[in-house]
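Single-letter residue listing:
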Amino acid sequence: ARSQWEWSDWARSQWEWSDWARSQWMKLVHFGQPTMFLSQILSLGKWVPLKTSVEGVSLCQHVTWNLLPFSHANTSVQNFTTSDLKYTKAQGIRKKKELSEKKLTRYFVDQRKVTVFGGRGGDGTCTFHSEPRKEFGGPDGGNGGDGGHVILKVARQIKSLSTVMSLYRGNNGDSGGSKNCYGRNAVHTYVMVPLGTVVKEDGRIVADLSSHAEEYVVAYGGLGGKGNRFFLSNENRAPMTATPGDPGQQRVLQLELRTMAHAGMVGFPNAGKSSLLRAISNARPAVADYPFTTLNPHVGVIHYQDFEQIAVADIPGIIRGAHRNKGLGISFLRHIERCRFLLFVLDLSTPEPWQQLEDLKYELEQYERGLSKRPFCVIANKIDLPESKTNFVLLREKFKQCVIIPVSALTGANVEELLMHLRELYDGYLESTQIKGCVPVKW
């Protein structure tokens, strides 16, 4: 029996038996007659499997078949392989699925409509004091707690309104209790917003949050109700009155960012704006060979050696008549309004690319007067194509007074010159804001 039940070092390492099962095992080995069959031992669940494999299962089946009588062999093997093997299956570490680039994309949100409700106050309680040998204990109902406010708080770590939800409800206060116990005031709800957030209500500005840790209460919580102890007076010694808590304030607000990014890339669809943003930053907007690939703005950050950071926004494509709400319409012209300087991206592979620049300036001027006169530079994209070089010479002749930078977002040609000129525009923006006495927006 000992030779039949002798396990190899490998098999012994695969299984760990409890003390009870090990004692049954030793009786089986020393006395030659099993006190219990292996299937009965396993069915009691007093063993702890560490790990197993197909090779280990086949070895256990072989040992069991040789040891037990023929009448019990089929039963023991069947019990071992069907009922007990499912508990001994090795549990490997689950690997998380790698997210696609589309799911990893984070859109930039610079405006959000928010509905806020303040917390409701707790109700007051109507109770009377009860104590032995004290017949007239008097009223002892406590007041309810106040409802929680909904507060906007500025955090410099947040850059977008994408984390702001469309509905916020404040916490309700607790009701009062007997023995003059007051209800607990509710905890306030804080909503974190980026620097430069403008709060509007019915089209008018009600708050401009421009400093770190600044707070603004957008919805006040209701006051707690009064218990009957509050109404105790010389005229009324046993008041039965208790008031409910007041509801919180309700408002519908529009949150907007005063500055979306330092630079905004403006161009027609398929001009290569998203590819260019990929080339100069770590942003990963979608790139495809069909128009209106970008339906939401993306913001990429350029890092310089002196630790300055410039935010560049990829604005969805603009078409002729956008100021009349054609195409993606006015909503995306608003994104350009929140950029400090502009980058006009032209597609040199199209015939007459200079006409694109004139049309873009016209659309901006029709939307808001003076918008096209902000500091800007012209980026002539797709210079690597054969027909682009001829168009670039003609473009430079027509706009001699403008700064035109030929680049290729595909090959990365001349991207360094573009980054240097972006830094010049950014330094000019810092100087102009300091002259006006304003605080420049830093990323």
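Residues numbered from 1 in each chain as written. Predicted model: local features only at pLDDT ≥ 70, side-chain atom pairs only at ≥ 80, totals over all residues. Heavy atoms only, no water.

1. Here we look at the overall build of the protein
Link 1 in the chain: Across its full length, the protein carries eleven helices and 16 strands.
Link 2 in the chain: Counting across all 443 residues of the protein, residues that qualify as buried make up 43%.
Link 3 in the chain: At a minimum sequence separation of 6, the contacts of the protein that also span at least 24 residues come to 72%. (Helix = DSSP H or I, 4+ residues; strand = E, 2+ residues; numbered from the N terminus. Buried < 20%, exposed > 50% of the residue type's maximum accessible area, 1.4 Å probe, protein only. Contact = heavy atoms within 4.5 Å.)

2. A word on the pairing of strand β12 (residues 298-303)
Regular strands place side chains that alternate from one sheet face to the opposite one.
Link 1 in the chain: Of the pairings in the sheet, the one linking β12 to strand β13 (residues 309-314) comprises six bridges and is antiparallel in character. Across the sheet, the residue bridging to His 298 is Asp 314, located in β13.
Link 2 in the chain: Hairpin remark: β12 followed by β13, antiparallel, with five residues in the connecting loop; positive phi at Phe 307, about 70°. (Pairing = 2+ DSSP bridges.)

3. Remarks on the pairing of strand β7 (residues 197-201)
Link 1 in the chain: Burial analysis of β7 places four of its five residues in the buried class, which makes it a mostly covered element.
Link 2 in the chain: Bridging between β7 and strand β8 (residues 204-209) involves five bridges; their strand directions are antiparallel. Counted as the bridge partner of Glu 201 is Arg 204 from β8.
Link 3 in the chain: What sits between the antiparallel neighbours β7 and β8 is a turn of two residues, in which Asp 202 has the positive phi angle 55°.

4. Remarks on unusual backbone geometry
Link 1 in the chain: Phi angles above zero are rare outside glycine, and Phe 307 is one such case at about 70°.
Link 2 in the chain: Among the structural elements, Phe 307 can be located in the loop between β12 and β13.
Link 3 in the chain: Unusually for a residue other than glycine, Asn 414 sits at a positive phi of about 65°.
Link 4 in the chain: Here Asn 414 is to be found in the loop between β16 (404-406) and α11 (415-436).
Link 5 in the chain: With relative accessibility at 26%, the residue Asn 414 sits in the partly exposed group.

5. Thoughts on the sheet that holds strand β6 (residues 189-193)
Link 1 in the chain: The strand order across the open sheet formed by three strands is β6-β4-β9, and the pairing between neighbours is mixed. Each having just a single partner strand, β6 and β9 (215-219) make up the two edges of the open sheet. Averaged over all pairs of adjacent strands, the angle between strand axes in this sheet comes to 30°, irrespective of strand direction.
Link 2 in the chain: Note that strand β4 (residues 150-154) and β6 share five bridges and pair parallel. Along β6, the bridge assignment pairs Val 150 with Thr 189. (Axes fitted to C-alpha atoms, helices over the stretch in contact; angles between N-to-C directions.)

6. Brief notes about the confidence of the model for the protein
Link 1 in the chain: Of all residues in the protein, 72% have pLDDT values of 70 or greater, and the mean over the chain is 78.
Link 2 in the chain: Within the model, the stretch residues 29-38 combines pLDDT values under 50 with 21 contacts to residues more than four positions away or in other chains.
Link 3 in the chain: Counting interchain partners and residues more than four positions distant, the pLDDT-below-50 stretch residues 41-90 has 72 contacts. (pLDDT = per-residue confidence, 0-100.)

7. A short note on the packing of aromatic side chains
Link 1 in the chain: Taken as a whole and assessed by the stated rule, the structure comprises three aromatic pairs.
Link 2 in the chain: Centre to centre, the rings of Phe 230 and Phe 231 are 5.3 Å apart; their planes meet at 90°, and the pair counts as edge-to-face.
Link 3 in the chain: The exposure class of Phe 231 is partly exposed, given its relative accessible area of 28%.
Link 4 in the chain: A cation sits over an aromatic face here: Lys 226 above Phe 230, 5.0 Å from the ring centre. (Phe/Tyr/Trp six-rings, centres within 6.5 Å; stacked < 30°, edge-to-face > 60°. Lys NZ or Arg CZ within 6 Å of the ring centre and 35° of its normal.)

8. Focus: the environment of Ser 130
Link 1 in the chain: Tracing the sequence through the fold places Ser 130 in the loop between β3 (111-117) and β4.
Link 2 in the chain: The exposure class of Ser 130 is exposed, given its relative accessible area of 68%.
Link 3 in the chain: Spatially, the C-alpha atoms of Ser 130 and Lys 179 are 9.2 Å apart, while their sequence positions differ by 49 residues.

9. Points about the nonpolar core
Link 1 in the chain: Among the nonpolar cores identified, the biggest contains 49 residues, and Val 193 and Ile 336 are the most heavily contacted of them.
Link 2 in the chain: Of the residues that make up this core, three or more belong to each of domain 1 (111-257) and domain 2 (261-436).
Link 3 in the chain: Here Ile 336 is in contact with Val 266, Ile 315, Ile 318, Leu 342, Leu 364, Leu 371 and Arg 374, once residues within four sequence places are set aside.
Link 4 in the chain: Ranked by size, the runner-up nonpolar core spans 26 residues in total, among them Val 312, Phe 341, Ala 409 and Tyr 426. (Core = buried A, V, L, I, M, F, W, Y, C linked by side-chain atoms within 4.5 Å. Domains from an automatic or database assignment.)

10. Focus on helix α10 (residues 386-398)
Link 1 in the chain: Inspection of α10 places Ser 388, Asn 391, Phe 392 and Leu 395 among the buried residues, and these make up the whole buried set. Projected onto a plane normal to the axis of α10, the buried residues spread over an arc of 115° and lie on a single side. In α10, the exposed positions angled more than 90 degrees off the buried face are occupied by Pro 386, Lys 389, Thr 390 and Glu 397. (Arc of directions from axis to C-beta.)

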